[in-house]
Amino acid sequence: MQLIPMLQRLIAANSISSVNADIDQGNREVIELLAQWLSDLGFATEVMPLADPRKANLIATLGNGPGGLVLAGHTDTVPCDDSLWSHDPFKMVEKNHRLYGLGTCDMKGFFPLVIEAAKQFVSKPLKQPLIILATADEESSMAGAQMLAAAGRPRARYALIGEPTGMKPINMHKGIMVEKLVIEGRSGHSSDPSLGRNAMETMHSALGELLKLRDELQGSHNNPTFQVAYPTMNLGCIHGGNNPNRICGRCELGFEIRPLPGMDMTALQQQISERILPLQERDDVMINIDHYCVPAFATEPHSSMVKICEALTHHSCESVSFATEAPYLKDLGMDVVILGPGSVEQAHQPDEYLPLERIQPTVDFLIQLIGRCCL
């Protein structure tokens, strides 16, 4: 099957992952398509179901032995608002030398390019295995990558993750901490404040504590290799109360922190708790804080994989502020670089696209990389 029809099939398969269960979809159709195409090429394929039976990872291996190269990507996409697109996001459209569709850039578009490059090696004796890894739920929970880390698989010496980097190698990214703060007070008639405990007023104090913490973190941590050189905090969404004449009984805040490599996220979560939880006793409310995090990532600046990718692309490694599955592959002992054909400026946007001009250079790069790592 040719590259463009492959991508059309992948885009047509809705694999949105979301923390909102109403719009969350499975990725099995994408995984089964990839497994069939790779099996037809001679890869040994293993589908690893997640706890949600609609979702799975894929490990496809050509050759055997220790070492080798993993070419990795996630099969899910972010949600989208169809009304903001110029066309159906699940029907790939070629226009203005671009391929439009949900996932063309981030990052279903990587897989047909990997398969096209892999075709050059199916009849060659590989000294080290070539492993194609496709994961679930990167955009929502990292459940696929976490499952692989827990299983200790796959094993390889090198790994490339095809996230959108504009074909520039990335060896460092920030982490992400997603925090959910819920304050439970007591509702009552607004004519008498003593009838309730206003959760929104407590949230006002909590917001003040968080903003002070943000300023302290930015003053004490700096890494000039990042475009935004300090850890960021974003107050993302807030919901509370249901009527002006009713004391707010519940208020919820969602916020995120993007720590720099080397920052202790467990200690940072403890700092948040130490600043917020004392408000429980002061205001006679209940406070709960849920944490979800993806570690920051850094590969040694002169690692073997960094040197290979820099030599093949003629670009020095850079850093990015978005998070990926790289720390989980690094924990499996791999030398990891992030590099893909898309651009992050097009990711998570209406009318997402992959430029046609990036396709052949990416295939050529992957052929050279496989040759360096597997022959």
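Residues numbered from 1 in each chain as written. Predicted model: local features only at pLDDT ≥ 70, side-chain atom pairs only at ≥ 80, totals over all residues. Heavy atoms only, no water.

Quick rundown of the environment of D24? Include the residues and the values.
Residue placement: D24 occurs in the loop between α1 (3-12) and α2 (28-41). Separated by 10 residues in sequence, D24 and N14 have C-alpha atoms that sit 9.8 Å apart. Apart from the residues lying within four places of it in its own chain, the contact partners of D24 are I16, S17, S18, D52, R54 and K55. Here the side chain of D24 touches S18 through a polar contact of 2.9 Å, landing on its backbone nitrogen. Polar contacts involving the side chain of D24 include one to the side chain of K55, which spans 2.7 Å. (Helix = DSSP H or I, 4+ residues; strand = E, 2+ residues; numbered from the N terminus. Contact = heavy atoms within 4.5 Å. Polar contact = N/O pair within 3.5 Å; in protein donor to acceptor, adjacent residues only side chain to side chain.)

Describe the pattern of salt bridges, listing the residues and the values that go with them.
Overall, the coordinates contain 15 salt bridges when judged by the stated rule. For R28, the salt bridge identified is with E32, shortest N-O distance 3.9 Å. Separated by four residues within a single helix, R28 and E32 lie in helix α2, roughly one turn from each other. Linking R275 and E209 is a salt bridge whose minimum nitrogen-to-oxygen distance equals 3.8 Å. Residue R275 is located in helix α6 (residues 265-276), and its partner E209 is located in helix α5 (residues 199-220); the two are separated by 66 residues in the primary sequence. The exposure class of E209 is partly exposed, given its relative accessible area of 22%. (Salt bridge = Lys/Arg side-chain N within 4 Å of Asp/Glu carboxyl O. Buried < 20%, exposed > 50% of the residue type's maximum accessible area, 1.4 Å probe, protein only.)

Help me get a handle on the nonpolar core, residues and values and all.
Core analysis: the biggest nonpolar cluster contains 54 residues, and L69, L130, L160 and L369 have the highest contact counts within it. The element contributing the most residues to this core is helix α10 (residues 359-374), with eight residues. Every residue in contact with L130, bar those within four places of it in the chain, is listed here: F43, A60, T61, L62, L69, L71, A118, I370 and C374. (Core = buried A, V, L, I, M, F, W, Y, C linked by side-chain atoms within 4.5 Å.)

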